[in-house]
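Structural overview
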Amino acid sequence: MLTTGNQLKAARALAGMDQGELARRAGVNINTISAMEKKGSDMLTSGLDKIRAVMTVLEQEGIEFLNHGQPGVRLVGKRS
């Protein structure tokens, strides 16, 4: 589960996407992505619908969200 701004920023970097592309594909405003990333290591406070939309796009690009004690991400390969 996507839980922190740093996790989002790392996932986006691994996917090779800029904020604008992620926002467009997730159907959210670019300011939403920016605000989420600015949370840093703090928990995201955006609505669950927005977090899920962003997660879905990144998962389609092969990102796996890890939460084994600490939030993390890894690239596992693009999903079809």
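The text that follows walks through the structure, step by step, so that each part is easy to find. Please read all numbers here as calculations on a predicted model, not as lab measurements. (Residues numbered from 1 in each chain as written. Predicted model: local features only at pLDDT ≥ 70, side-chain atom pairs only at ≥ 80, totals over all residues. Heavy atoms only, no water.)

Where helix α1 (residues 5-15) contacts helix α3 (residues 30-38), the two axes come as close as 6 Å, and the packing angle between them is 120°. Classed by the angle they form, the pair α1 and α3 counts as oblique. Where α1 abuts α3, its residues Gly5, Leu8, Lys9 and Arg12 lie against Ile33, Met36 and Glu37. Its residues assigned to classes, the contact of α1 with α3 shows three nonpolar, one polar and three charged. (Axes fitted to C-alpha atoms, helices over the stretch in contact; angles between N-to-C directions. Helix = DSSP H or I, 4+ residues; strand = E, 2+ residues; numbered from the N terminus. Parallel < 35°, antiparallel > 145°, perpendicular 65-115°, else oblique. Contact = heavy atoms within 4.5 Å. Nonpolar A, V, L, I, M, F, W, Y, C, P; charged D, E, K, R; others polar.)

Here the focus is the side chain of Thr4. Here Thr4 lies in the segment before α1. Within the structure, Thr4 has its side chain in polar contact with the backbone nitrogen of Gln7 (distance 3.1 Å). (Polar contact = N/O pair within 3.5 Å; in protein donor to acceptor, adjacent residues only side chain to side chain.)

Side chains carrying opposite charge are able to pair once their charged atoms draw close together. A complete count under the given rule lists four salt bridges for this structure. Across the pair Glu21 and Arg25 runs a salt bridge whose closest N-O atoms are separated by 3.7 Å. With Glu21 and Arg25 both in helix α2 (residues 19-26) and four residues apart, the pair spans about one turn of that helix. On the basis of relative accessible area, Arg25 is assigned to the partly exposed category, the value being 31%. Residues Arg74 and Glu64 are paired through a salt bridge, measuring 2.8 Å at the closest nitrogen-oxygen approach. Of this pair, Arg74 sits in strand β2 (residues 71-75) while Glu64 sits in strand β1 (residues 63-67), and the two are 10 residues apart along the sequence. Residue classification places Arg74 among the partly exposed residues on the basis of a relative accessible area of 42%. For Glu64, a relative accessible area of 23% translates into the label partly exposed. What emerges from the salt-bridge pattern is a single network uniting Glu21, Arg25 and Glu61. (Salt bridge = Lys/Arg side-chain N within 4 Å of Asp/Glu carboxyl O. Buried < 20%, exposed > 50% of the residue type's maximum accessible area, 1.4 Å probe, protein only.)

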